Amino acid sequence: MFKKVVLSSLLLLAGFASAQEQVVNLYSARHYQTDEKLYSDFTKATGIKVNRVDADDAGILARLKAEGAASPADVILLVDAARLWKGDMDGLFKPIKSPALEAAIPAKLRARETAEGTTWFGFSTRARVVVYDKLKVKKADVDTYEKLADPKNKGLLCTRSGAHPYNLSLFGAVTEHMGEAKAEEWLKGLVANMARDPKGGDSDQIKAVASGECGIALTNTYYLARIMRSKAPEDIAVADRVGVVFPNQASWGTHVNIAGAAVAKNAKNTANAIKFMEYLASPSAQEYFANGNNEWPAVPGLGVSNPALKAMSNGSFKSETIPISAVGNNQLKVQQMLDRVGYK
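These remarks concern the structure in this document. Only a predicted model underlies this, so the values are computations on that prediction, with no experimental measurement involved.

Concerning the side chain of Thr221
Here is step 1 of the chain: You can see Thr221 is positioned in helix α9 (residues 221-229).
Here is step 2 of the chain: Among all residues touching Thr221, those that are not within four sequence positions of it are Arg126, Ala127, Val129, Phe246, Trp296 and Met312.

Set out below in structure tokens:
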């Protein structure tokens, strides 16, 4: 009888372990309800259930550090290149080898490969563009990032906090292009041209331009695309009032940030984690990024059917080619420069 009980218990445990293997535990900084279909489609295709914990990028990295080896996380999904770089530098990610991911994701949109593998991959991109008041501002006066600091734009510029990751990444890229000394002068010029102290998010900047509070602002493209696709009368009015510029088309190209993923250092379901990341690079998932949250696919050569993305970019634009890792390397310099020039 005892042997039967033990055998039954072992069989139950084995069944439980098997069931447990068919999950992937995701720590996600993507707070988009539209992503639910992305995860449910993965489960339908593979039988692997996605257990998700939501937090912001900084909160996820802090949680991983606190949990250490006891962390249940398998995949880490972040929405900013600087945060991916920081997590990598802090040793929170596990290098993996995936021929499928290496073939699909361009080298500039993933971590540098080592003998052990690659730690993170970008799966969608968003451009940081300039929106301007078509009634007050000439497009030619804001068609480069450099011109935002020109005295002719004094009293016109609105941005969110300079310390926000989206701006830190842009400023890190500009530092890579210009060099530290010129980048600091540029940041000083941005501060001098502010219409008001930085506040709010990207959508707030767009609406401030449309209301006449500001003349020009910085935003990620998906915020503008949401407004352009909205049928609400107030959003239609905003979209009609503002113009959009993809800066530096004649020079280094527009700054592009990414949402990307990594396998957690202490992942318990590594094989499932890699399957999930490979799924994110599939044509169906990439198309979903484009239509579900108005982002561009990271995989080259995939067409975009999103009408707002097509309308704002005329179908394509020149993006910068510097490695995302270089942007991360400049983060500390940028934060020190922001303090020196008084960028709030």
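A closer look at the packing of helix α2 (residues 35-46) against helix α12 (residues 283-292)
Here is step 1 of the chain: Between α2 and α12, the least distance of the axes is 10 Å, while the angle of their chain directions is 170°. Our classification of the angle between α2 and α12 gives roughly antiparallel. Contacts between α2 and α12 involve Asp35, Lys37 and Leu38 from the first element and Ala285, Tyr288 and Phe289 from the second.
Here is step 2 of the chain: Considered class by class, the residues forming the contact of α2 with α12 number four nonpolar, no polar and two charged.

Focus: the environment of Ile322
Here is step 1 of the chain: Its location among the elements puts Ile322 in the loop between α13 (307-313) and α14 (324-329).
Here is step 2 of the chain: Looking at Ile322, the relative accessible area reads 16%, which means it is buried.
Here is step 3 of the chain: For the pair Ile322 and Trp252, spaced 70 residues apart in sequence, the C-alpha separation works out to 9.1 Å.
Here is step 4 of the chain: In this structure Ile322 touches Ala173, Glu176, His177 and Val327, once residues within four positions along its chain are discounted.

What to know about the pairing of strand β5 (residues 120-133)
For a regular strand, the rule is simple: side chains alternate between the two faces of the sheet.
Here is step 1 of the chain: Across the 14 residues that make up β5, a large majority, 14, are buried.
Here is step 2 of the chain: Taken together, the seven bridges between β5 and strand β9 (residues 256-264) define a ladder with antiparallel strand orientation. Bridge assignment links Trp120 to a residue of β9, and that residue is Ala262.
Here is step 3 of the chain: Judged from the five bridges that link them, β5 and strand β7 (residues 216-220) form a sheet pairing that is antiparallel. Residue Val129 lies in a different strand from β7, and its bridge partner there is Thr219.
Here is step 4 of the chain: Here β5 pairs with strand β8 (residues 242-245) via four bridges, running antiparallel.

Considerations on the nonpolar core
Here is step 1 of the chain: Formed by 79 residues in total, the largest nonpolar core has its most connected members in Ile76, Phe93, Ile105, Phe123 and Met277.
Here is step 2 of the chain: Looking at this core element by element, the count peaks at seven residues for β9.
Here is step 3 of the chain: Non-local contacts of Ile76, meaning those with residues more than four positions away in its chain, are made with Tyr27, Ile60, Leu64, Phe93, Gly260, Ala261, Ala262 and Ala264.
Here is step 4 of the chain: Among the nonpolar cores identified, the runner-up in size contains 27 residues, and Tyr132, Leu157, Phe171 and Val174 belong to it.

Some remarks on unusual backbone geometry
Here is step 1 of the chain: A positive phi is found at Asn248, a non-glycine position, where the angle reads about 60°.
Here is step 2 of the chain: By the secondary structure assignment, Asn248 is in the loop between β8 and β9.
Here is step 3 of the chain: When its relative accessible area of 1% is taken as the criterion, Asn248 is described as buried.
Here is step 4 of the chain: Of note in the backbone geometry, Asn294 takes a positive phi value of approximately 60° without being a glycine.
Here is step 5 of the chain: Locating Asn294 in the fold gives a position in the loop between α12 and β10 (296-297).

A few points about the state of the cysteines
Here is step 1 of the chain: For the coordinates displayed, the defined rule picks out one disulfide.
Here is step 2 of the chain: Through a disulfide, Cys158 is tied to Cys214; the S-S separation comes to 1.8 Å. On the sign convention where negative is left-handed, the bridge of Cys158 and Cys214, at about -80° about the S-S bond, is left-handed. With Cys158 in strand β6 (residues 157-158) and Cys214 in the loop between α8 (202-211) and β7, this residue pair connects regions lying 56 residues apart in the sequence. Accessibility assignment for this pair places Cys158 and Cys214 in one class, buried.

Considerations on the packing of aromatic side chains
Each aromatic ring pair is described using two quantities: the centre-to-centre distance and the angle formed by the ring planes.
Here is step 1 of the chain: Following the criterion strictly, the structure yields nine aromatic pairs and no others.
Here is step 2 of the chain: Look at Phe42 and Tyr279: their rings are 5.3 Å apart centre to centre, the planes differ by 50°, and that puts the pair in the tilted class. Linking Phe42 in helix α2 with Tyr279 in helix α11 (residues 270-280), this pair joins segments that are 237 residues apart in sequence. Tyr279 shares its class with Phe42; the two are buried.
Here is step 3 of the chain: Consider the rings of Phe246 and Phe317, whose centres lie 4.6 Å apart with planes at 40°: the pair is tilted. Taken together, the residues Phe246 in the loop between β8 and β9 and Phe317 in the loop between α13 and α14 connect sequence positions 71 residues apart.
Here is step 4 of the chain: A connected cluster of aromatic rings, assembled from ring pairs, spans Tyr39, Phe42, Phe276 and Tyr279.

Conventions adopted
- Residues numbered from 1 in each chain as written.
- Predicted model: local features only at pLDDT ≥ 70, side-chain atom pairs only at ≥ 80, totals over all residues.
- Heavy atoms only, no water.
- Helix = DSSP H or I, 4+ residues; strand = E, 2+ residues; numbered from the N terminus.
- Contact = heavy atoms within 4.5 Å.
- Axes fitted to C-alpha atoms, helices over the stretch in contact; angles between N-to-C directions.
- Parallel < 35°, antiparallel > 145°, perpendicular 65-115°, else oblique.
- Nonpolar A, V, L, I, M, F, W, Y, C, P; charged D, E, K, R; others polar.
- Buried < 20%, exposed > 50% of the residue type's maximum accessible area, 1.4 Å probe, protein only.
- Pairing = 2+ DSSP bridges.
- Core = buried A, V, L, I, M, F, W, Y, C linked by side-chain atoms within 4.5 Å.
- Disulfide = S-S within 2.5 Å.
- Phe/Tyr/Trp six-rings, centres within 6.5 Å; stacked < 30°, edge-to-face > 60°.

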